[in-house]
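So you can see what is in the structure, the chains are spelled out below.
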Amino acid sequence: MTEETESKIQESALTISELISHFREKCKTCGHHRIMHNHLGVCEGVMNKPCTSGCDVFDPE
């Protein structure tokens, strides 16, 4: 993690464990974790396997 990112986390009210829990949430539509979705909500898949569900918005389970 870069110092800039670490600094932003420390300045916020969020803990690392809260961030991890947030990004571990799965999507109802495609089943992938939130971290696999880009800033627009579109699922980009896992590793080098693209998501084939057509998921274009993160919908938490």
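Data block above holds the structure.
Since the model is a prediction, treat every value here as computed from it, not as a measurement. (Residues numbered from 1 in each chain as written. Predicted model: local features only at pLDDT ≥ 70, side-chain atom pairs only at ≥ 80, totals over all residues. Heavy atoms only, no water.)

**Some remarks on the nonpolar core**
Part 1 of the reasoning: Cys27, Cys30, Cys43, Cys51, Cys55 and Phe58 form the largest nonpolar core, which has six residues in total.
Part 2 of the reasoning: Non-local contacts of cysteine 30, meaning those with residues more than four positions away in its chain, are made with His37, Cys43, Cys51, Ser53 and Cys55. (Core = buried A, V, L, I, M, F, W, Y, C linked by side-chain atoms within 4.5 Å. Buried < 20%, exposed > 50% of the residue type's maximum accessible area, 1.4 Å probe, protein only. Contact = heavy atoms within 4.5 Å.)

**Considerations on the pattern of salt bridges**
Pairing is possible between side chains that carry opposite charge, provided their charged atoms lie close to one another.
Part 1 of the reasoning: Taken as a whole and assessed by the stated rule, the structure comprises two salt bridges.
Part 2 of the reasoning: With a shortest N-O distance of 3.6 Å, glutamate 4 and lysine 8 are connected by a salt bridge. Here lysine 8 and glutamate 4 lie together in helix 1 (residues 3–11), a separation of four residues that amounts to about one turn. Exposure class is identical for glutamate 4 and lysine 8. Each is exposed.
Part 3 of the reasoning: Among the ionic pairs, glutamate 25 bridges to arginine 34, the shortest N-O distance being 2.1 Å.
Part 4 of the reasoning: Classification of glutamate 25 by relative accessible area gives partly exposed; the value is 31%.
Part 5 of the reasoning: The exposure class assigned to arginine 34 is buried, which follows from its relative accessible area of 18%. (Salt bridge = Lys/Arg side-chain N within 4 Å of Asp/Glu carboxyl O. Helix = DSSP H or I, 4+ residues; strand = E, 2+ residues; numbered from the N terminus.)

**Here's the deal with the environment of glutamate 44**
Part 1 of the reasoning: For glutamate 44, the position within the fold is in the segment after helix 2 (16–24).
Part 2 of the reasoning: Remark: the alpha-carbon pair of glutamate 44 and glutamate 4, spanning 40 residues in sequence, is separated by 25 Å.
Part 3 of the reasoning: Leaving out residues up to four positions away in the same chain, glutamate 44 has contacts with Met36, Asn38, Lys49, Pro50 and Cys51.
Part 4 of the reasoning: Here the side chain of glutamate 44 touches asparagine 38 through a polar contact of 3.4 Å, side chain to side chain. (Polar contact = N/O pair within 3.5 Å; in protein donor to acceptor, adjacent residues only side chain to side chain.)

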